[in-house]
Amino acid sequence: MKGLIAKKVGMTQVFDENGNLTPVTVIQVEPNTVIATKTKEKHGYDAVVLGVDDLKESKVSKTYKGQFAENISPKRHLKEFRDFEKEVAIGDQIGLELFETTSFLDVTATSKGKGFQGVMKRWGFHGGRASHGSKFHREAGGTGNCTTPGHSMKNIKMAGRMGSERVTVQNLKIVKIDPELKVVLVRGAVPGNKNATLIIKNAVKK
């Protein structure tokens, strides 16, 4: 498994040699610092902990600061990657060169929060007639049974909070990698707002 912590910049479009337009998402990847390594002998599994985005030491607690080596400043974002394919040591910097031979990525992030929504927006219900006199426009309709059992069953699709969930989009094709700008362009959309923190990994199904 190969993975890095990145940031969503936004969407744009590019043209290929044949003039075909491709919508892409721009993902910025600053060098990830190796914070810690875990081994099967000591921890029961092999893993690498990466971190990005420096924090002022005066702004973090001693408990949080204690997990960083003396020569590494505290990081805002940390992520553990199991079975990391590259041999690394604490303090190493890992960048986009990790995906030089990769064609597809899996991107994980927290999706946009949409607040409390009705069943039409949240679940795609058709709703009732929009004509004059209709008393069933956007309502959910009946959600329970009669006397037996006399309550709504679990997992009924109803109105509620929508979005702000952990989402993974798989098999996004890498269109271009620019080491100088530290960005990678992937075909299609990825979850999250602009400047959202992303976890990018090599695609597990490709």
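Note that the coordinates shown come from a computational prediction; the quantities given were computed from them, not determined experimentally.

> Can you help me understand the nonpolar core in this one?
As a rule of thumb, nonpolar side chains are buried together in soluble globular proteins. Residues I27, L50 and I200 are the most contacted members of the largest nonpolar core, which totals 27 residues. Secondary-structure elements contributing two or more residues to this core are β1 (3-15), β4 (47-54), β7 (104-110), β10 (166-178), β11 (183-187) and β12 (197-202). Excluding its chain neighbours within four sequence positions, the residues that come into contact with I200 are K2, G3, L4, A6, I27, V29, F99, D106 and V107.

> What should I look at first to understand a negative patch on the surface in this one?
A cluster of like negative charges, contributed by E41, D46, D83, E85 and E87, occupies part of the molecular surface. Turning to its location among the elements, E41 is positioned in helix α1 (residues 40-43).

> Sorry, what's going on with the side chain of T33 here?
Structurally, T33 can be placed in strand β3 (residues 32-38). Since its relative accessible area comes to 4%, T33 is described here as buried. At 3.0 Å, the side chain of T33 and the side chain of Q93 are in polar contact. Setting aside residues no more than four positions away along its own chain, T33 makes contact with V49, L50, G51, I72, K75, G91, D92 and Q93.

Quick notes on the rules
Counting starts from 1 at the beginning of each chain's written sequence and moves along it residue by residue. Reporting in this predicted model follows two pLDDT cut-offs: at least 70 for local features of residues, and 80 or more for side-chain atom pairs to be given and counted; totals over whole chains, interfaces and linings ignore these cut-offs and use all residues. Based on all heavy atoms of the structure, the side-chain values leave hydrogens and waters out of the count. In this description, a nonpolar core means a group of buried Ala, Val, Leu, Ile, Met, Phe, Trp, Tyr and Cys residues linked to one another through side-chain atoms lying within 4.5 Å. Accessible area is worked out with a 1.4 Å probe on protein chains only. A residue is then buried under 20% of its type maximum, exposed over 50%, and partly exposed in between. Under the scheme used here, helices are H or I runs from DSSP no shorter than 4 residues and strands are E runs no shorter than 2 residues, and both carry numbers assigned from the N terminus. Whether two residues are in contact is decided by their heavy atoms: any pair within 4.5 Å suffices. Patch members must show over 30% relative accessible area and no salt bridge, and they are joined within 9 Å when carrying like charges or within 5 Å when they are nonpolar side chains of Val, Leu, Ile, Met, Phe, Trp or Tyr. What sets the accessible areas is the Shrake-Rupley method with a 1.4 Å probe; for residues, cover comes only from the shown protein chains. Definition used for salt bridges: Asp or Glu carboxyl oxygen within 4 Å of a side-chain nitrogen of Lys or Arg. Counted as positive: Lys and Arg. Counted as negative: Asp and Glu. His and the chain ends are not counted at all. In plain terms, the charge of a residue is placed at NZ if it is Lys, CZ if Arg, CG if Asp and CD if Glu. Here a polar contact is recorded for every N or O atom pair within 3.5 Å, except that within protein the pair must consist of a potential hydrogen donor and a potential acceptor, and residues adjacent in sequence are included only if both atoms are side-chain atoms.

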